[in-house]
Amino acid sequence: MTGPFVLPVRDIAHRSGEMREHALEVPAPEKWGEGLVAVAQGEPVVLDVRLESVHEGILVSGEVDTEYTGICSRCLIDIAEGLKVEFQELFAYPGEEETDFEVQDDHVDLETLVREAVVLSLPFQPVCQPDCPGLDPVTGERLAENTGTPQSEPLDPRWAALQDFTTSHDDDAPRPRG
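Residues numbered from 1 in each chain as written. Predicted model: local features only at pLDDT ≥ 70, side-chain atom pairs only at ≥ 80, totals over all residues. Heavy atoms only, no water.

**Student:** Just to check I follow, could you spell out the packing of aromatic side chains for this structure?
**Tutor:** Ring pairs (aromatic) are described by centroid distance and by the angle formed between their planes. This structure, assessed with the given rule, holds two aromatic pairs. With a centroid separation of 6.1 Å and 40 degrees between ring planes, the pair formed by F5 and W32 is classed as tilted. Remark: W32 occurs in the loop between β2 (19-27) and β3 (37-38) and F5 occurs in the segment before β1 (6-8); sequence separation between them is 27 residues. For the pair F91 and F101, a centre-to-centre distance of 5.1 Å together with 45 degrees between the ring planes defines the contact as tilted. You can see F91 sitting in strand β6 (residues 78-92) and its partner F101 sitting in the loop between β6 and β7 (107-109), a full ten residues away along the chain. Like F101, F91 is buried. (Phe/Tyr/Trp six-rings, centres within 6.5 Å; stacked < 30°, edge-to-face > 60°. Helix = DSSP H or I, 4+ residues; strand = E, 2+ residues; numbered from the N terminus. Buried < 20%, exposed > 50% of the residue type's maximum accessible area, 1.4 Å probe, protein only.)

Shown next, in the form of structure tokens:
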């Protein structure tokens, strides 16, 4: 079993209490994510991994650091943001019980675990900035860049009587007594 996400555990397997730490930088083998943003194929994926031997198998915990790219869900400009995700999973020793992750041939393959952790932490509706105003519904221009005169929206004739209403002298207005 070989691959950039495969780590050997022969020296700690079945030795409860043993631990190893690894630091890896691996290019993403394929595009991770299908929404508005994704981690591009070849994007560096930096891993800090801790492998601990426990009675049931190898406990893998760590942090992945990478960058996702895509478009803002409000104004549709290109965005690129860093992403840090923590993960932890038990890779069980092969046996009768079926598990999602197993130690195979004295190795653990972290690719599925890391990919799932990254994809599940990608924002569903990414934004270029937290208060992105989006697009003008009339002109389609980005509201964040629109520095011209404000567009006068077509006035609904039912509200025309309120157009000149102001609240600046409201405090001086007589109040009906109840």
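**Student:** Where do I start with helix α1 (residues 111-121) in this structure?
**Tutor:** Structural remark: α-helix, 3.6 residues per turn; residues separated by three or four positions point the same way. Those residues of α1 not exposed but buried are L113, V114, A117 and V118. Each buried residue of α1 lies within a common arc of 125 degrees when the element is viewed along its axis, so the set occupies one face. Where α1 is buried, its residues touch β4 (44-54), β5 (57-71) and β6. (Arc of directions from axis to C-beta. Contact = heavy atoms within 4.5 Å.)

**Student:** Sorry if this is basic, but what is going on with the pattern of salt bridges here?
**Tutor:** It is possible for side chains bearing opposite charge to pair when their charged atoms get close. Counted by the stated rule, this structure contains six salt bridges. Where E52 meets R50, a salt bridge forms, and the shortest distance between an N and an O atom there is 3.7 Å. By relative accessible area, which is 25% here, E52 ends up partly exposed. Between E63 and K84 there is a salt bridge whose closest N-O contact spans 3.9 Å. Pair noted here: E63 is in strand β5 and K84 is in strand β6, with a separation of 21 residues, a long-range link. Here the salt bridges share partners, and the residues they tie into one network are D11, E18 and R20. (Salt bridge = Lys/Arg side-chain N within 4 Å of Asp/Glu carboxyl O.)

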